[in-house]
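# An overview of the molecular structure
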Amino acid sequence: MRKPFVRKTTHRGIPLSGSLLGLLLLLPLGACRVPKLLPPDASIELSPENPMVSEGGALKLGSLLKNGAMPPVQWMVLQWDGGSVDADGTYHAPKKSGRYVIRATSVQGAPASASVLVEVVPLPVGGMAGPERLPLSPVEEKASVPEQAGCTFLWSIEGGRLEGDPKAREVRFLPERGRPVTLQCRITNRAGDSLISKTRWEPSRAAKLLIQPEDTVITSGDSFDFGFDISGIPEDALVWRVVEPLGGHIDARGRYTAPDTPGLYHVALGTPDGKIPESMAIVRVLPRPLGDIEIEGVAVPGAQGLRALVPYQQGLSYVWGIEGGTLVGRNDGSSCLFAAGQGPSLMLSCVIRNAAGAEHTIRKRLELQPAQPTSSGLKDAPIQ
């Protein structure tokens, strides 16, 4: 039996079977290209040569063949805690300093790989140490930032003048009177990351410090609470003192205790550094009223010209009183004259006060004895 005749198509004179032609038509354009393979002696170079990045930062790594081609590579970090690396070579550093190895391995042709050591350095640390406040009269001050290995420093100032090396960790500066002062330091680590630490001081105002009251009187041995009025000075920076060595005692709250010896003393309030002039107050310590009444003369009924007295104390006032008799003349001294009544007794009193308000009242009762007859039969005459 004869086989049926089949016509074969050709392309440009080449006979093609129907099945082969259909297969070629189904393939996409370019699918028949052969991948470019790395030569057997290929080697990879990574860039940069000495990479450095800050903690938590990112760094782009690159790979090249020695002939300049850019092969597809697979990246990986060899340490488990060394961060991560993206497929495009972007390295993400961990948040701790150290040295970590990154490896790039070819994914086509002959195996080739290269490694690079990445150093992760600490970020700059801010914070500035300097004066709490600037004095009214400008003086040279100091400021500093924390010590940081491998970092560089660059200082600048507004409202003053830098003294010394502006690239040192510590700097000296002189403020301008009446102007705000802004001091800043740019801190840069070895990876090139910077941080600016900045501090501002307002211009100092004329400090006012006044003890209240400025003049006071107090009884010896008593205590008194001083007050004060301040502006432009922190209250906790004040120190009390008694000027005279034996002038009593004052505590940190301003409570003054007077000495036993009367006299004129002074208390002062100021700052330990002496930059603010002290405020001073006068303390007049007065004697404490005391004493007993003494009588001069014979106290008989109707006696005249009798005298009562108490110890004299400077700065005190006296007020006399009498019951059963009569005061003669003034009654506001340390002594007084009086006349006795007809008995049988009288009562003398003296109120002693000082200017601090301390008071002492003394009383004395006198029994009036009848006059005794003399040898001549006459009675003793009363004192005139």
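All values reported here derive from a predicted model rather than from experimental measurement.

Calculation notes
- Position numbers for residues start from 1 in each chain and track the written sequence from start to end.
- Local features are withheld for residues below a pLDDT of 70 in this predicted model, meaning they are given only at 70 or higher, and side-chain atom pairs are given and counted only at 80 or more; totals for whole chains, interfaces and linings count all residues.
- To obtain the side-chain values, all non-hydrogen atoms of the structure were included, while hydrogens and water were left out.
- Secondary structure counts use DSSP, requiring at least four H or I residues in a row for a helix and at least two E residues in a row for a strand, with both numbered from the N terminus.
- Buried means the residue's accessible area, taken with a 1.4 Å probe over protein chains only, is under 20% of the maximum for its type, while exposed means over 50%, and partly exposed covers the values in between.
- Residue contacts are defined here by distance: any two heavy atoms, one from each residue, within 4.5 Å place the two residues in contact.
- Using a grid of 1 Å spacing that covers the protein atoms alone, one calls a set of points a cavity when a 1.4 Å probe fits there but cannot get out, and a pocket when the set is open and has protein on both sides within 12 Å along at least five of seven lines; lining residues are those with an atom within 4 Å of a point.
- Grid points are joined across faces, edges and corners, and a volume is the space filled by probe spheres set on the points.
- Polarity classes work like this: nonpolar for Ala, Val, Leu, Ile, Met, Phe, Trp, Tyr, Cys and Pro, charged for Asp, Glu, Lys and Arg, and polar for all others, with Gly in that last group.
- The criterion for strand pairing is that DSSP finds at least two bridges linking the strands in question.
- As a per-residue quantity, pLDDT reports the predictor's confidence and falls between 0 and 100.
- Aromatic pairs are defined between Phe, Tyr and Trp rings, using the six-membered ring for Trp, whenever the two ring centres lie within 6.5 Å; interplanar angles under 30 degrees are classed as stacked, those over 60 as edge-to-face, and all others as tilted.
- Think of a salt bridge as a Lys or Arg side-chain nitrogen and an Asp or Glu carboxyl oxygen that are within 4 Å of each other.
- Residue types Ala, Val, Leu, Ile, Met, Phe, Trp, Tyr and Cys, when buried and joined through side-chain atoms within 4.5 Å, form a set referred to as a nonpolar core.
- Here, the term disulfide refers to a pair of cysteine sulfur atoms separated by no more than 2.5 Å.

## Some thoughts on the overall build of the chain
For the chain, the count of helices and strands is one helix and 33 strands. Of all 384 residues assigned to the chain, the portion counted as buried reaches 34%. Across the chain, every contact between residues at least 6 apart in sequence was considered, and the portion connecting residues at least 24 apart equals 54%.

## Notes on empty space enclosed by the protein
On inspection of all chains with the given rule, the structure shows one cavity of 30 Å³ or more. As for the largest cavity, its lining consists of Leu134, Pro135, Leu136, Pro138, Pro175, Glu176, Arg177, Gly178, Arg179, Pro203 and Ser204. Across the lining of the largest cavity, the residue classes tally to six nonpolar, two polar and three charged.

## Brief notes about the sheet that holds strand β9 (residues 90-92)
Within a sheet, adjacent strands bond to each other through the backbone by hydrogen bonds, running parallel or antiparallel. Here three strands make up an open sheet; going across it, the order is β5-β9-β8 and the pairing antiparallel. At either margin of the open sheet sits one strand with a lone partner, and together these are β5 (58-60) and β8 (84-85). The pairing of β8 with β9 spans two bridges and is antiparallel. By the bridge assignment for β9, Val85 is matched with Tyr91.

## What to know about the confidence of the model for the chain
Overall, the predicted model of the chain reaches an average pLDDT of 83, with 82% of residues at or above 70. A low-confidence stretch, residues 1-36 (pLDDT under 50), is modelled with 11 contacts involving residues beyond four sequence positions or located in other chains. Below a pLDDT of 50 lies the segment residues 376-384, which in the model reaches 20 contacts outside its immediate sequence neighbourhood of four places, other chains included.

## Points about the sheet that holds strand β24 (residues 255-257)
Here three strands make up an open sheet; going across it, the order is β20-β24-β23 and the pairing antiparallel. At either margin of the open sheet sits one strand with a lone partner, and together these are β20 (223-225) and β23 (249-250). With three bridges connecting them, β20 and β24 associate as antiparallel partners. Bridged to Phe224 within β24 is Tyr256.

## Section: unusual backbone geometry
Cis geometry marks the peptide bond from Gln212 to Pro213, where omega comes out at -5°. With respect to the helices and strands, Pro213 occurs in the loop between β18 (208-212) and β19 (215-219).

## Topic: the packing of aromatic side chains
Counted under the stated rule, the structure contains five aromatic pairs. Relative to Trp240, the ring of Phe226 has its centre 6.3 Å away and its plane inclined at 35°; by these criteria the two rings are tilted. One end of the pair, Phe226, is in the loop between β20 and β21 (227-231); the other, Trp240, is in strand β22 (residues 239-242), and 14 residues separate them in sequence. For Phe226, a relative accessible area of 5% translates into the label buried. The structure contains a cluster of three or more aromatic residues connected by ring pairs, namely Phe224, Phe226, Phe228, Trp240 and Tyr256.

## As for the pattern of salt bridges
Enumeration over the complete set of coordinates arrives at 15 salt bridges. Between Glu176 and Arg179 there is a salt bridge; the shortest N-O distance is 3.1 Å. Residue Asp225 pairs with Arg255 through a salt bridge whose shortest N-O separation is 3.0 Å. Of this pair, Asp225 sits in strand β20 while Arg255 is found in strand β24, placing the two residues 30 residues apart along the sequence.

## Things to note about the environment of Asn331
Residue placement: Asn331 occurs in the loop between β30 (325-328) and β31 (335-340). C-alpha of Asn331 to C-alpha of Tyr318: the two residues are 13 residues apart in sequence and 7.5 Å apart in space.

## A closer look at the nonpolar core
Grouped burial of nonpolar side chains is what soluble globular proteins tend to show. Counting residues in each nonpolar core, the largest one holds 21 residues, and the members touching the most others are Ile293, Val310, Trp320, Phe338, Leu346 and Leu348. Every residue in contact with Val310, bar those within four places of it in the chain, is listed here: Asp292, Ile293, Tyr318, Trp320, Ser334, Cys350, Ile352 and Ile362. Counting 20 residues, the second largest nonpolar core, distinct from the first, contains Val53, Val73, Tyr91 and Val120.

## Looking at the environment of Val239
Along the chain, Val239 falls in strand β22. Those residues within four positions of Val239 in sequence are excluded, and the remaining contacts are Ala268, Leu269, Gly270 and Pro272.

## Thoughts on the state of the cysteines
If you walk through the whole model with that rule in mind, you get zero disulfides. No disulfide involves Cys151; its sulfur sits 9.8 Å from the nearest other cysteine sulfur, which is in Cys185. The class for Cys151 is buried, based on a relative accessible area of 14%. Residue class for Cys185 comes out buried when judged on its relative accessible area of 0%.

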